[in-house]
Each structure stands twice: as structure tokens, then as C-alpha cells.
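So you can see what is in the structure, the chains are spelled out below.
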Amino acid sequence: MHSAIQVGLGLGVLGLAVLGLAMLCLAVLPCILRRLPGKARTEVALASRKKVALADKEVLFQDADYWAFGRDMVARLPSTRFRITRWVHGYVPRACVTELESRGGSYSAKDLWVFNVNYTDCDTPWVFCNHRLSGMSDSHMAEQFGRLPVKMRSHVRHVMGLPRGLNDPGCAYCEPLEGDIVFLGVPNIPGTFFTWVHEVAHSIDAITIWRDREFSATEEWSTAVDKDSAVPTNYARTKQVENFAENFVVALHVRIGGVIPGDKWNKIKWQQRAIVDKYGDVFDPKGTCSSRKRPICDEIICLYPDSSLYNKGSRRGTSIVRYRPRGPPHK
């Protein structure tokens, strides 16, 4: 009996000791956290936070908000002066023909007009392809693209305006490996400008594929997303590449003076910091065109190989001529 009493007393004392230690930890832990450096304190806090899947994160903005961002960016970003020089009709970059064929239907490459756009802030022109049924004018395409900071434009090879196919779910997309951006009947209204930023963001994100993979597929980006409780839009919740592009729109909007309420900013601040740390210079409206990140080379198809257009610069037995640095013959 004495042994049982002794055991009971021992367990009681041990229990009190454990309880006291737990209370001491609870009392001291906040003091320890306050004394930790900011980064270490954040890591301790994050360790206890449960990860939220991308599809389950809070959404901060609706479509109407992004249309408002688009109008605001058009108002804040000046249009870069440009000159359009049309190619002789019948010469078309192969990439433009390939994208048109992927739309399906009976669209003809002979309805593509190709032109160079020279901007005053860059010596090298961009090559545009515009189908007569795209719903976009040549000057509107050049004007919208020219509002983007030049270092953003430097990540793009071709800009295309094509008619929308029967099964096209969206109004624009990017071919990230080549750096081509394609617009499918996007109306000529200011609010759609955010779409240009979104598609160019895909090309910027994918530039790292040449070395490894998209930035949106890296651990650095994944860690930033995990730290935040929200994403910008519903579309951002579909996959990381779209989340990156939607965040990129917010980053440019803020860089040029747009305002995001603090309570919303704090919910995506780590994603925004990751983008600015990685690509901050591309947002500078006064940047310089020091180098093009995408090659301007592409095979050119002559759509009328039996005509005088099929000149001595082409290969015999084929309708493809190589791109010359100064472009094909102009009118």
C-alpha cells in the first residue's frame, strides 16, 4: 500500500512539473519570438501554418477589377511612337501560318498581312501578323504593344492578331517557347490592356525554360505562394503559370502608380516580392532596349511561289526563304 501511495505521489509531482514547464514555455515563447530576427520569426510562424492548396486560396479581385486595372494602365503608360512598314503581301513567317492553321476552320494564310513595327525606343523592329478577320487594326496592335515597357516587349518575338476558332475558350494566348503572343478578336477598348500584360508575362516566365524551367515551376515561386493566403483571381487558382501571369499584372499596375488596398496587398505580398526581385527591371517605363531576349529569326513562307514574289532569295523546290536581318522586301 505504501508503494502505491509513493507511486501516486511521484506521478502527481511529475504531472505538476510537466504542467509547470508547459506554462513556462507559453509565457516565454512570445518573448523568444520577439527577440528572433525578422526572417527567423517568420519561418517559425510559417512552420505552424497549414498549407493551403492553390485552388483553395482566397481570391482578391474579380474580372471587373482587372478591366479597371487595364484602363488605369492605359492612362498611366504613354504610347511609344512607332512606324509601321508592311511586307510585300505573300511573305509570311511560318509561325503565323502555323498558329492560323491551329485555329481550325477555313481561314486562309493569304488573308494575313505582315508588317514591321519600329518603336523609337528600340533599333530592332518587331514582326506582326494580322488576319483580316481578327477584328483588330494594325495601328491598334502596335499602339497597345508599344505601351508595355520596352524590356517587357524584349521578351516577345511575334505579335499576332487572328480570328477566333470554333473551340477557342479564351481571347489570347502565348506560345512561351517561341515568345509569340496571339490575340483572338480582342476588342479595341482600353480595359483589355491587362490581357497584353498577362500574355507577355507568360513569355517572361518561360524564358527560363531555355536553362531549366519556368520560374512559376520553381521552388522559389512555390514557397512564395505557400506564404501567402490569397491569389489575385479565380483564374490564378487554376495553375501556377496563370497565377504568375495574374500576379504580374498586379506588379506592373503597382509599379506605375496604381493602388492596391493594404489588406489585399498583404495577402499576396510574398508573390509580389518574388516577381519584383526576379524581374523588377522589366517594369521600368523608362527602360532601354539593350538587347532582345527572344530571337527575331523565323522561317518565311512565300504563299505565291509561282509568282514574281518567289525571287532569287528563295530555295529552289521550296516555298521557304530565310529571314534576312533587315526583313523581306517592303513596298
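Below: a short report on this structure.

Calculation rules
Residues numbered from 1 in each chain as written. Predicted model: local features only at pLDDT ≥ 70, side-chain atom pairs only at ≥ 80, totals over all residues. Heavy atoms only, no water. Phe/Tyr/Trp six-rings, centres within 6.5 Å; stacked < 30°, edge-to-face > 60°. Buried < 20%, exposed > 50% of the residue type's maximum accessible area, 1.4 Å probe, protein only. Helix = DSSP H or I, 4+ residues; strand = E, 2+ residues; numbered from the N terminus. Lys NZ or Arg CZ within 6 Å of the ring centre and 35° of its normal. Core = buried A, V, L, I, M, F, W, Y, C linked by side-chain atoms within 4.5 Å. Contact = heavy atoms within 4.5 Å. Arc of directions from axis to C-beta. Axes fitted to C-alpha atoms, helices over the stretch in contact; angles between N-to-C directions. Parallel < 35°, antiparallel > 145°, perpendicular 65-115°, else oblique. Nonpolar A, V, L, I, M, F, W, Y, C, P; charged D, E, K, R; others polar.

Considering the packing of aromatic side chains
Working step 1: One pass over the full model with this rule turns up 20 aromatic pairs.
Working step 2: Centroid distance Phe215 to Trp221: 6.1 Å. Interplanar angle 55°. Geometry classified as tilted.
Working step 3: Residue classification places Phe215 among the buried positions, given a relative accessible area of 2%.
Working step 4: Taking relative accessible area as the criterion, Trp221 reaches 0% and is therefore assigned buried.
Working step 5: Centre to centre, the rings of Trp221 and Phe244 are 5.6 Å apart; their planes meet at 75°, and the pair counts as edge-to-face. On the criterion of sequence distance, the pair formed by Trp221 in helix 8 (residues 219-227) and Phe244 in helix 9 (residues 240-255) is long-range, its members being 23 residues apart. Both residues of the pair, Trp221 and Phe244, belong to the buried class.
Working step 6: If you follow Arg86 out to its NZ or CZ, it ends over the ring of Trp113, 4.3 Å from the centre.
Working step 7: In this arrangement the basic side chain of Lys227 is found over the ring face of Trp270, its NZ or CZ atom lying 4.0 Å from the centre.

Some remarks on the nonpolar core
Working step 1: Residues Met73, Phe145 and Phe248 are the most contacted members of the largest nonpolar core, which totals 56 residues.
Working step 2: Not counting residues up to four positions away in its chain, the partners in contact with Phe248 are Met152, Val197, Ala201, Ile204, Ile275, Val282 and Phe283.
Working step 3: Core analysis: the next-biggest nonpolar cluster, separate from the first, contains 22 residues, Trp87, Ala109, Cys129 and Leu162 among them.

Observations concerning helix 11 (residues 269-279)
Working step 1: Gln271, Gln272, Ala274, Ile275 and Tyr279 are the residues of helix 11 that are buried. Down the axis, helix 11 shows its buried residues gathered within 160° of arc, on one side only.
Working step 2: Packed against the buried residues of helix 11 are helix 7 (193-206), helix 8, strand 9 (230-231), helix 9 and helix 10 (262-265).

Quick word on the packing of helix 9 against helix 11
Working step 1: Interaxial distance between helix 9 and helix 11 falls to 10 Å at its minimum, and their mutual angle equals 80°. Classified by the angle their axes make, helix 9 and helix 11 are roughly perpendicular. When helix 9 is examined against helix 11, the residues Asn243, Phe244, Asn247, Phe248, Val250 and Ala251 are found in contact with a partner set consisting of Gln271, Gln272, Ile275 and Tyr279.
Working step 2: Residues that form the contact of helix 9 with helix 11 fall into these classes: six nonpolar, four polar and no charged.

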